[in-house]
Each structure stands twice: as C-alpha cells, then as structure tokens.
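Examination of the molecular architecture
For reference, the chains in residue letters:
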Amino acid sequence: MIFRTTNPRTPARPALRKVRTTTTLRPLHHRLDPAKVEEIPFTASDGVRLGLTRIDPGARARDRDRPAVLLLHGHTASADMFLLPETRNLVDVLLDDGYEPWLLDWRGSCRLPYNETGRRYTYDDVALYDIPEAVRHIRTRIGDRPLFVVAHCIGSLTLSLSMTAGLVPGLAGVVSQGVFLTPKLAGRTSLRMTLAGELLKSRIDHIPVDFRKVGLRSKYTPLFALASRRATCPDPTCQILHNSAWGTGASLFVHEHLTDTTHQRLAELLGPAPLWILPHLRRIELARTVVRWHDTDHRYRALPRNALDAAAAIDTPVLLLSGSENGLWLDSQQLCRDVLAHRQPQLDVTYTEIPGYGHLDTFLGRGAALDVFGHILDFLGERR
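Presented here is a report on the structure given in the accompanying data block. (Residues numbered from 1 in each chain as written. Predicted model: local features only at pLDDT ≥ 70, side-chain atom pairs only at ≥ 80, totals over all residues. Heavy atoms only, no water.)

**What to know about empty space enclosed by the protein**
As a reminder of what qualifies: In this analysis, the protein atoms alone were mapped onto a 1 Å grid. Cavities are point sets where a 1.4 Å probe fits without being able to get out; pockets are open sets with protein on both sides within 12 Å along at least five of seven lines; lining residues have an atom within 4 Å of a point. Grid points are joined across faces, edges and corners, and a volume is the space filled by probe spheres set on the points. Secondary structure elements follow DSSP: runs of H or I no shorter than four residues count as helices, runs of E no shorter than two count as strands, and numbering proceeds from the N terminus. Polarity classes work like this: nonpolar for Ala, Val, Leu, Ile, Met, Phe, Trp, Tyr, Cys and Pro, charged for Asp, Glu, Lys and Arg, and polar for all others, with Gly in that last group.
Applying the stated criterion across every chain, the model contains 1 cavity of 30 Å³ or more. Here the largest cavity is characterised by a volume of approximately 380 Å³. Taken together, 29 residues line the largest cavity, and the ones lying closest to its centre are Met193, Ala245, Trp246, Ala273 and Leu281. Elements with a minimum of two residues in the lining of the largest cavity: α4 (187-200), β8 (273-274) and α10 (278-287). Among the elements that make up the lining of the largest cavity, the one with the highest residue count is α4 (3 residues). Grouping the amino acids of the lining of the largest cavity by side-chain chemistry returns 21 nonpolar, 7 polar and 1 charged.

**Describing α10**
An α-helical turn contains 3.6 residues, so a residue and the one three or four places further along point in the same direction. Rules: To sort residues, take the accessible area from a 1.4 Å probe on protein chains only and compare it with the maximum for the residue type: under 20% means buried, over 50% means exposed, and anything in between is partly exposed. As used here, the arc is the angular range of directions from the helix axis to the C-beta atoms.
When we look at burial in α10, the residues that qualify are Leu278, His280, Leu281, Ile284 and Glu285. Axial view of α10: buried residues confined to an arc of 160°, hence all on one face. Of the residues flanking the end of α10, it is Arg288, one or two places downstream, whose phi is positive at about 55°.

**Concerning the sheet that holds strand β9 (residues 318-323)**
This is how it is decided: Two strands pair under a simple rule: DSSP has to find at least two bridges between them. Only C-alpha atoms enter the line fits that serve as axes; for helices the fit covers just the stretch in contact. Angles between N-to-C directions range over 0 to 180 degrees. We call two residues contacting when some pair of their heavy atoms lies within 4.5 Å.
Across the sheet, 8 strands lie side by side as β1-β2-β4-β3-β5-β6-β9-β10; this open sheet has mixed pairing. In the strand order of this sheet, the two ends are held by β1 (37-43) and β10 (349-354), each with one partner. The sheet shows a mean angle of 20° between the axes of neighbouring strands, taken without regard to direction. The pairing of strand β5 (residues 147-152) with strand β6 (residues 173-177) spans 5 bridges and is classified as parallel. Pairing of Val149 across the sheet is with Val174, part of β6. Sheet strands touched by helix α11 (residues 332-343): β6, β9 and β10. Its angle to β10, the strand with the most contacts, is close to 160°.

Below you can see the structure in the form of structure tokens.
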C-alpha cells in the first residue's frame with residue numbers, strides 16, 4: 001500500500017497545505033545557539049530573493065586567519081542538509097575544526113518557493129548570479145582569509161560553470177560531491193527524464209515529494225503509485241525519493257544510513273522537482289558535461305558554452321567525492337577525474353570514493369561524520 005505511513009498516529013486524511021508564494025525563507029531547523037546563526041538579507045542582481053546564513057564560530061575561533069567555508073546544497077534541498085540536529089552534521093565538524101561556515105540557499109532551495117511558484121530559471125542563473133554574488137558578499141566580510149567551497153550535486157555542477165567562467169576566482173579549494181563537470185546518468189534514468197518532460201509537461205510543472213501536501217485524489221497520485229513498485233519502505237515520500245528519485249528510477253540514498261528522525265523529515269529536507277528545468281538538465285546529460293542553456297541572451301555570455309572545454313580556467317584544488325553506491329550520478333566523479341587527468345593534467349584534481357554510501361547519505365547519513373567528513377577536513381586542512 002503506498003498510502004501507509006510509518007507513524008500510526010498520523011491522521012488518515014491529513015489537512016492539505018497551501019503552496020507557498022511568498023519569498024520569505026522557511027526557518028532553518030538546527031540545534032545551534034540562535035545568537036550564532038546570522039541570517040543575511042540577500043537578493044541576487046536579477047532581483048531574486050535568496051538566503052545566506054553565517055554561523056558564528058565563537059570565541060574559540062577568533063583567529064584572524066580562520067578560513068571560511070561556503071556550503072552549497074543540491075537542487076530541491078536546502079541549507080538544512082548541512083545542519084541536521086539529529087546527527088553530528090557538517091557544520092558541527094567545521095566549527096570544531098576552526099572554520100567559519102557560510103550556507104547559501106540558492107534559487108533551487110526548498111526553503112524558497114521558486115520550484116513551485118514564481119519566476120522560472122535555468123542553471124545558468126545559478127552559475128551567473130547566485131554563487132558568484134554570494135562569494136563576493138562573503139569576501140566583503142572575511143577580507144583576505146581563505147575561502148573554501150563544499151558543494152553537493154547540482155550545487156556542485158553549477159559551481160563548475162561559475163569556476164570555468166572565472167566568476168569565483170581565488171578559492172582556496174573546492175570539495176565537489178556527487179557530480180562536477182561530467183554528469184552521467186543511468187540509461188533508464190535519462191530515458192525516464194526525457195519521457196517525463198515530454199509526456200507530463202502539459203499536465204504538471206513539478207513533481208512533489210510530500211503526499212500529505214497533494215492528497216489522495218490528485219493528479220500526482222499515479223506518480224506516487226509508480227514510485228511504490230517494489231518499494232520496501234511504506235512511506236510515500238521515501239518511495240518517490242529513495243525508490244524513484246522524482247520518477248526517474250534512480251535512488252538518492254542508502255536507506256539504512258538514515259536515522260528514523262531524518263527519514264521522517266525527508267519531505268522537509270527535499271522539496272518538489274520542477275519539470276521545466278529538465279530541458280537544461282537533459283542538454284547537460286546528453287553532452288556529458290555542463291553546458292550553457294542561453295545561447296542568444298547576451299546576459300549569459302560570461303558563461304562558457306561548454307564548461308569542460310573551459311576547464312583550464314579552474315584555479316583551485318578540487319576534491320571529487322562520491323559514494324560507491326551512488327544511484328543517481330553513477331561514476332560521474334571518477335569519470336571527471338580521468339577526463340581532466342587526460343585533458344588538463346596541470347589541474348590539482350583528486351578523487352575519493354566512500355565505500356557503501358549513496359548520494360545524499362554522504363551528508364545526511366547517521367555515520368557521515370565518521371565515514372565522510374574526515375576526507376573533507378583532510379582536504380581543507382592541507383590547504384588552509
């Protein structure tokens with residue numbers, strides 16, 4: 001049954017929730033002292049409201065030379081993925097090691113409404129506006145201290161476009177998780193993505209993940225039913241994410257790596273996926289590299305047509321991370337390392353594979369602090 005829930009006390013017919021239209025960010029969910037969480041009003045130069053958050057490292061890290069680290073989430077996720085209160089999260093680890101964390105909620109964040117309502121965008125907008133302008137703002141606050149970036153999934157993919165365009169020069173180092181310059185999807189995932197874009201675009205403009213939000217009698221019910229095929233978990237949100245990745249047939253995480261609390265929060269941690277972004281994503285996947293969407297709009301001429309062809313512009317060390325069981329991007333990161341070693345051998349690019357991990361659980365997993373974050377700290381520590 002696709003409509004069972006893991007909590008028997010949940011009402012059989014929960015009240016539907018309205019789609020958000022306001023650009024006010026949903027509050028972050030964390031266990032930090034609120035006085036140490038600085039929410040910074042931030043609007044991109046094209047007028048889109050974003051979210052930028054600084055975590056105060058406190059008196060123990062008042063050193064003038066302490067590095068800053070910008071964290072970039074994946075599409076439909078948010079800064080919450082780095083702040084899980086139920087685990088030892090990446091922000092905890094960075095604070096303990098003397099770093100100053102900064103978190104950007106770019107326009108694909110589920111803390112913002114743009115995936116469901118408001119202005120549509122492409123990944124060109126993220127690469128041209130969101131990331132470079134966040135970096136410039138952070139630099140006005142940190143001065144000449146080192147600035148690192150840790151980026152996940154589409155946050156990493158769009159960062160690669162910004163880097164090859166020369167829009168974020170002088171970074172001390174970049175950790176890329178999941179995918180970077182050479183995206184590679186399974187054949188069935190690519191096919192389903194293409195079919196979904198063509199067959200569903202006239203009926204829906206996004207695929208939700210929270211069944212409680214859409215209700216039983218909705219046009220989305222067949223999608224949840226399809227995602228439930230051969231699913232081992234009875235939770236509809238888990239089915240459409242872990243068992244189907246928004247209907248693409250991929251898997252976003254290793255199920256047993258999530259705590260019960262994280263599992264129950266999946267609908268909060270990952271939001272709806274907009275179908276209107278698929279043409280750009282399909283072009284990227286078919287090219288097997290990050291390509292610009294806008295070819296005739298002069299505003300985007302700063303971005304390279306093909307990021308891989310412009311990879312020589314990368315001026316910082318890069319650590320490519322991926323779980324060995326990545327069910328979404330497969331071996332994209334290993335492929336990226338091999339391609340860059342052949343085409344741009346002068347670049348400082350290394351690859352690390354995390355045994356037994358999938359895609360999202362590299363940050364959301366109960367054991368990520370032990371199994372994953374040490375690789376990140378080692379990379380940062382060698383370059384701070």
